[in-house]
Amino acid sequence: MAIHLKRRIAKEVTDELDRKVRKTVEDILDDVRKRGDAAIREYSEKFDKWAPKKLGRGEIDAILANVSPQTIADIKFAQAQIRQFAEHQKAALRDVEVETLPGVRLGHKNIPVESVGCYVPGGRYPMVASAHMSIVTARTAGVSRIVACTPPNQGAPHAETIAAMALGGADEIWVLGGIQAIAAMGIGTESIKQVDMLCGPGNAYVAEAKRQLFGRVGIDLLAGPTEILVIADESADVEMIATDLLGQAEHGPTSPAICITTSRKIAECLDAEIQRQLKVLPTADVAGVAWRDYGEIIVVDSTEEAVKEADRVAAEHVEVLTKEPRFFLERMRNYGALFLGPETNVSYGDKVIGTNHTLPTLGAARYTGGLWVGKFLKTCTYQEITPEAAVKVGEYCSRLCAIERFWGHKEQADLRLRRYGGQDVGLGVRKETTAAK
């Protein structure tokens, strides 16, 4: 039986915050629909003290010139890892064409989305790595047009983020953030042509804007505050558990940080170790609030129960700090990404190793994985059959349509039975008989 030594704050508190976010986003999206560029400019100046700006090639080159060679090399290394893994994932997808019955050929093609809007956050922290995750992956999938938006940072374009966007392959780079950036890409304005799909993480307002625009455009997934779950047994290191929990909690004051452990000793020592580290962590003002309000410590009786509890949580990031990490790989079903063993950690996945860091949150890991090259591909089916096959399939189809009383559907089948099988069936026969009389 799972025992909570520490629980997060009540859900009612977060529900009220969500309602306020929804209303704000709804009002801004409606305004952008009506006023286009004028509304985008007004909100950018209001929230970011910045006039929206599309960077030209000369401006991008000048920004890149101010980025250190070491940073450029580091960005290129990270993007090479992400591109390489995305290429392997794409290679695992293949077009299909099979003959399922004599004369019946069915298939599917994997077709890239034509245009994508990539949002790269940059409010509290300039999220350089998010440019790799969305832009590089979309380009690897074969997307034709990539629009990328990022907010200004400390009153100017963030040079390293712009470098990552340019090196990743963005076709248009806008210094524009928040709801207004998502609205510009998802609705379209006089200056920014609407995209077919939106992707990338962001704060609660960005996530809500994507949610409200879903249907008008596609989205990668609905992302809430970042989450970390650490599964630990008695072999785990309390310092490492605390470090890795706080490393994700620093994302924001509503970021859940959870530990499930089979060790009562670890559970009872963990909070004290977290408090010790918070005294020296530069981002303690954020991470400390997240741990206070959204931290959890759960004690379970066995590794089997740890699997069940972890699947219930369905966390975005799951670190497995146990003697046999692959036990969880073989049994767990609900997670965004697994980090197996003490040698790896969420930061590797967030920044450089090659797997994508845009992952499901808020329990969405129960039904979806994260962003990957396949999200930018549409798997579209087709069919082609011979006249003889049209008759064979048509006979079944005609009878099945009659059961459902879909007479127009039935006539589609009956027309083929008349044309290719010489059968006197369907509405067309009755029309011809009436005309003859």
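I will try to describe carefully the structure that is included in this document. (Residues numbered from 1 in each chain as written. Predicted model: local features only at pLDDT ≥ 70, side-chain atom pairs only at ≥ 80, totals over all residues. Heavy atoms only, no water.)

**Some details on the sheet that holds strand S15 (residues 377-385)**
Rule in force here: Strand pairing is defined by DSSP finding a minimum of two bridges between the two strands. Secondary structure is summarised from DSSP: a helix means a run of H or I of at least four residues, a strand means a run of E of at least two, and numbering begins at the N terminus for each. Axis lines are fitted through C-alpha atoms, for helices just across the contact stretch, and the angle between N-to-C directions can take any value from 0 to 180 degrees. Between two residues, a contact is recorded if the distance between any of their heavy atoms is within 4.5 Å.
If you trace the three strands from one edge of the open sheet to the other, you get S3-S4-S15, paired in antiparallel fashion. With partners counted over all chains shown, the strands left at the sheet margins are strand S3 (96-101) and S15, one partner each. Looking at each pair of strands side by side, their axes are set apart by 20 degrees on average, direction ignored. Strand direction decides the pairing type here: strand S4 (residues 104-112) and S15, joined by nine bridges, are antiparallel. The residue bridging Pro112 from the neighbouring strand is Leu377, located in S15. Relative to S15, helix H15 (residues 387-404) is tilted by about 100 degrees, and along the sheet it contacts S3, S4 and S15.

**Thoughts on the packing of aromatic side chains**
Test applied: By convention, a stacked pair of Phe, Tyr or Trp rings (six-membered ring in the case of Trp) has centres within 6.5 Å and planes under 30 degrees apart, an edge-to-face pair has planes over 60 apart, and any other such pair is tilted. Only when the NZ of Lys or the CZ of Arg is both within 6 Å of the ring centre and within 35 degrees of the ring normal is a charge said to sit over the ring.
In the structure shown here, the tally under the stated rule is two aromatic pairs. Here the aromatic rings of Tyr43 and Phe47 are separated by 6.1 Å at their centres, their planes lie at 10 degrees, and the arrangement is stacked. Placement of both Tyr43 and Phe47 in helix H2 (residues 37-48) is noted, with a separation of four residues, approximately one turn of the helix. Measuring from ring centre to ring centre gives 5.4 Å for Phe327 and Phe328, while their planes differ by 75 degrees; the resulting arrangement is edge-to-face. Arg399 extends its terminal NZ or CZ atom over the ring of Tyr396, reaching a point 5.2 Å from the ring centre.

**Some words on the nonpolar core**
Spelled out, the test is: Here the nonpolar core consists of buried residues drawn from Ala, Val, Leu, Ile, Met, Phe, Trp, Tyr and Cys, with membership extended through side-chain atoms lying within 4.5 Å. Buried, partly exposed and exposed residues are distinguished by accessible area as a fraction of the type maximum, computed with a 1.4 Å probe on protein chains only: under 20%, between the cut-offs, and over 50%, respectively.
Residues Leu55, Val116, Ile135, Ile162, Met165, Ile173 and Phe376 are the most contacted members of the largest nonpolar core, which totals 35 residues. Within the residue set of this core, elements represented by two or more residues are helix H3 (57-65), helix H4 (69-91), strand S5 (115-119), helix H5 (128-141), strand S6 (145-150), helix H6 (159-168), strand S7 (172-175) and strand S8 (197-199). Once residues lying within four places of it in the same chain are set aside, the contact partners of Ile162 are Leu55, Ile63, Leu64, Thr150, Pro157, Ile173 and Val175.

**Quick word on the sheet that holds strand S9 (residues 218-219)**
Within the open sheet, the six strands sit side by side as S2-S7-S6-S5-S8-S9. Their pairing is mixed. Two strands in the sheet have a free side with no partner beyond their single neighbour: strand S2 (53-54) and S9. Alignment of S2 against S7, held across two bridges, turns out to be antiparallel. Looking across to S7, one finds that Lys53 is bridged to Val175.

**Examining the side chain of Asp350**
Examined against the element boundaries, Asp350 turns out to sit in helix H14 (residues 346-351). If sequence neighbours within four positions are ignored, Asp350 has contacts with Ala129, Met133, Gln248, His251, His317 and His357.

**Digging into helix H9 (residues 238-249)**
Note the threshold: To estimate how far a helix should reach, multiply one less than its number of residues by 1.5 Å.
With 12 residues, H9 extends 16 Å from end C-alpha to end C-alpha; this agrees with the ideal 16 Å at 1.5 Å per step. Residues of H9 that are buried make contact with strand S10 (228-232), strand S11 (257-261), helix H10 (264-278), helix H11 (284-294), strand S13 (317-321) and H14.

That is the geometry; function is a separate question.
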